[in-house]
Amino acid sequence: MPIEVSQLEDGSKLTGFHETWHDKGGHSDIADALLAYERGAFTPLRTAGSTGIQPGAFWSHFALRNSTNQPAKLHIEYVDHQLLGLQVYSRALSSAGPYRKLAKLSIYAPFDTRQVEHNRFVFEIIVPAKTTQELLVKFDSGELGVVFPSMRIWSPQKLQQNSKGEISLIAFLFGGHFLMALFAFVGAITVKENILYLYSLYCASKILVWGTVLGYTHQYLVSGGFHWGYTTISGAIAILTGLIFARIFLETRRYTPRLDYLLQVMMANSAFLLVCVLLGLKSASQISMTVALLCYPLVVPIALVRWRQGNSAAAVFAIGWATLVLGLLVQAMRDLGFVVHNPVNYYWPPVASFVEMMAIMAAIGLMVQRLRTQKDQAEKNICNNWKFPKQILST
């Protein structure tokens, strides 16, 4: 059934996921898609909105009908960032002619080749007055990936307004991360606490990973070309620096040697992930990244063990780390198709990461206070020990 559109679309309408076809090989063209459509191979998507982790490519068929007296210029936005390529073909529904290629977008192409300047894939279509346009869209996820076949329908002005709101949120989060990293670095120089250097590095890695994951690195930094490994490298750096920081902060080497060995194994896997990307071992890097994400929540019980041992700062650390884990869980559930895609669960992971860093900063404050209290107590004991012999001599 065609989707009614006009020149006033605000993103609330979605293209259909009622007719999708999975090409497991990923090498199909428009002729193959038309043949599959004629055979009735296009079926409804049976998840909350995602295909889950699947190889190859997916095709979607839908129609846009403009019943108004004015042509509708529309921007169709792919809702996620995890897509390698997008191909769009269209024709008038009443026409028996061939489909014409409307757009071909690729993550590997220079950013300035995109029809619409946006961190996610967006293509433009004009639906003439009193007509219906039929579309076939190919979503390329590579060897193994996630596809969200349902896209948002916008007027160009409404999409621009929405983008400004998203950029404001990202600017706030990245600005907050930058300030926390900067203050920690200056504090490390001032009070000579090495843990602050590690916190500053870990905080800076958050800007790198979320900027890359959400598409802003390609838009503003590496606009001339992109590589599948950039996202993986940024993720590996964030995971590795986070584990190093957690190991030093929780003092697991001293107080929980067996759990410290687990952290070392996780760090080794993160380093292995970096090596796999640098050597172009895509399958191995996917396995290593999966292992890293599955093991990441284990830091929470390790922190709780340290809390049970009397380290109060570890409890605050555990709350912060658990917040990030919850954000990553929401993203995983969305990617696997168990929950619907919406702006809340799309931006919850980077927001959770921001909350994590704030909680960890509070935990560092508690740790520094504890260390200073211990230092003052030690100095007081030394002074008392020096006073004792003087009292003996005076007698």
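Now for a look at the structure at hand. Position labels on residues start from 1 in each chain and follow its written sequence. In keeping with the predicted nature of the model, local features appear solely for residues at pLDDT of at least 70, side-chain atom pairs appear and are counted solely at 80 or more, and the whole-chain, interface and lining totals rest on all residues. The basis for every side-chain value is the complete set of non-hydrogen atoms in the structure, without hydrogens or water.

1. A closer look at the overall build of the protein chain
Quick reminder of the rule: Strands here mean DSSP runs of E at least two residues long; helices mean DSSP runs of H or I at least four residues long; both are numbered from the N terminus. Whether a residue is buried, partly exposed or exposed follows from its accessible area with a 1.4 Å probe, protein chains only, as a fraction of its type maximum: under 20%, in between, or over 50%, in that order. By definition in these notes, contact holds between two residues if any of their heavy atoms fall within 4.5 Å. To measure how exposed things are, a 1.4 Å probe is used in the Shrake-Rupley method; for residues, cover is taken only from the protein chains shown. Positive charges come from Lys and Arg alone, negative charges from Asp and Glu alone, with His and the N- and C-terminal ends not counted. Lys charges are placed at NZ, Arg charges at CZ, Asp charges at CG and Glu charges at CD.
Along the backbone of the protein chain there are eleven helices and ten strands. In terms of overall dimensions, the protein chain has C-alpha extents of about 115 × 40 × 35 Å along its principal axes. Classification of the 395 residues of the protein chain by burial places 48% in the buried group. Across the protein chain, every contact between residues at least 6 apart in sequence was considered, and the portion connecting residues at least 24 apart equals 76%. Surface accessibility of the protein chain: about 19,600 Å² in total, with carbon and sulfur atoms responsible for 64%. With 33 positive and 24 negative side-chain charges, the protein chain shows a spacing of 10 Å between the two charge centroids.

2. Looking at the pairing of strand 5 (residues 72-77)
To keep it simple, the criterion reads: Should DSSP find at least two bridges between two strands, the strands are regarded as paired.
With five of six residues buried, strand 5 is to be regarded as a mostly interior element. Inspection of the sheet shows strand 5 paired to strand 8 (residues 122-127) by six bridges, in the antiparallel sense. In the sheet register, Leu74 faces strand 8, and the bridge partner there is Ile125. Relative to strand 10 (residues 152-154), strand 5 runs antiparallel, the two sharing three bridges. Residue pairing across strands places His75 opposite Trp154, the latter belonging to strand 10.

3. Quick look at unusual backbone geometry
At Lys130, a residue that is not glycine, the phi angle is positive and equals roughly 60°. Secondary-structure assignment places Lys130 in the loop between strand 8 and strand 9 (131-140). The exposed category is assigned to Lys130, whose relative accessible area is 55%. For Glu251, which is not a glycine, the phi torsion comes out positive at approximately 55°. Checked against the element boundaries, Glu251 lands in the loop between helix 5 (228-250) and helix 6 (252-255).

4. Observations regarding the packing of helix 2 (residues 156-191) against helix 3 (residues 194-213)
Convention followed: Convention adopted: a line fitted to C-alpha atoms gives each axis, helices being fitted over their contacting stretch, and angles between N-to-C directions are expressed from 0 to 180 degrees. Should an angle fall under 35 degrees it is taken as roughly parallel, and over 145 as roughly antiparallel, whereas 65 to 115 is taken as roughly perpendicular and any remaining angle as oblique. In a left-handed crossing the near helix is turned counterclockwise from the far helix by less than a right angle, and in a right-handed crossing that turn is clockwise. Throughout this entry, Asp, Glu, Lys and Arg are counted as charged residues, while Ala, Val, Leu, Ile, Met, Phe, Trp, Tyr, Cys and Pro are counted as nonpolar. The remaining residues, Gly among them, count as polar.
Axis separation between helix 2 and helix 3 bottoms out at 8 Å; the angle between their running directions is 160°. In terms of axis orientation, helix 2 runs roughly antiparallel to helix 3. The way helix 2 lies across helix 3 gives a crossing that is left-handed. Here helix 2 contributes Phe174, His177, Phe178, Met180, Ala181, Ala184, Phe185, Gly187, Ala188, Ile189 and Val191 to the contact with helix 3, which in turn contributes Leu196, Tyr197, Tyr199, Ser200, Cys203, Ala204, Lys206, Ile207, Trp210 and Gly211. When grouped by side-chain class, the residues that make up the contact of helix 2 with helix 3 number 16 nonpolar, four polar and one charged.

5. Digging into the side chain of Ser50
Cut-off, in case you're wondering: Here a polar contact is taken to be a pair of N or O atoms separated by no more than 3.5 Å, where protein atoms must pair a possible hydrogen donor with a possible acceptor and residues adjacent in sequence count only if both atoms sit in side chains.
One can find Ser50 in the loop between helix 1 (30-38) and strand 4 (57-66). Assessed through its relative accessible area of 1%, Ser50 is described here as buried. In terms of polar contacts, Ser50 uses its side chain to reach the backbone amide nitrogen of Gly52, at 2.9 Å. A polar contact is formed between the side chain of Ser50 and the backbone oxygen of Asp335, at a distance of 2.4 Å.

6. Here's the deal with the state of the cysteines
Heads up, the condition is: Any two cysteine sulfur atoms lying within 2.5 Å of each other are counted as a disulfide.
Applying the stated criterion across every chain yields a total of zero disulfides. Here Cys276 is not cross-linked by a disulfide; its sulfur's nearest cysteine counterpart is in Cys295, at 15 Å.

7. Some thoughts on the sheet that holds strand 2 (residues 10-14)
Pairing in this open sheet of four strands is antiparallel, and the strands run 2-10-5-8 from one edge to the other. Where the open sheet ends on each side, the last strands, each with one partner, are strand 2 and strand 8. Within the sheet, the average angular offset between the axes of one strand and its neighbour, ignoring direction, is 35°. Pairing analysis gives two bridges linking strand 2 to strand 10, with the strands arranged antiparallel. Bridge assignment links Leu14 to a residue of strand 10, and that residue is Arg152.

8. Examining the pattern of salt bridges
Pairs may arise between side chains of opposite charge once their charged atoms sit close together. The test is simple: A pair is scored as a salt bridge if a Lys or Arg side-chain nitrogen falls within 4 Å of a carboxyl oxygen belonging to Asp or Glu.
Here the structure, examined in full by the defined rule, presents twelve salt bridges. Linking Asp80 and Arg334 is a salt bridge whose minimum nitrogen-to-oxygen distance equals 2.8 Å. You can see Asp80 sitting in the loop between strand 5 and strand 6 (85-92) and its partner Arg334 sitting in helix 10 (residues 312-335), a full 254 residues away along the chain. Taken as a pair, Asp80 and Arg334 share a single burial class, namely buried. The residue Glu166 makes a salt bridge to Arg120 at a minimum N-O spacing of 2.9 Å. Of this pair, Glu166 sits in helix 2 while Arg120 sits in the loop between strand 7 (100-106) and strand 8; the two residues are 46 residues apart in sequence, bridging distant segments of the chain. What emerges from the salt-bridge pattern is a single network uniting Glu77, Arg120, Arg152 and Glu166.

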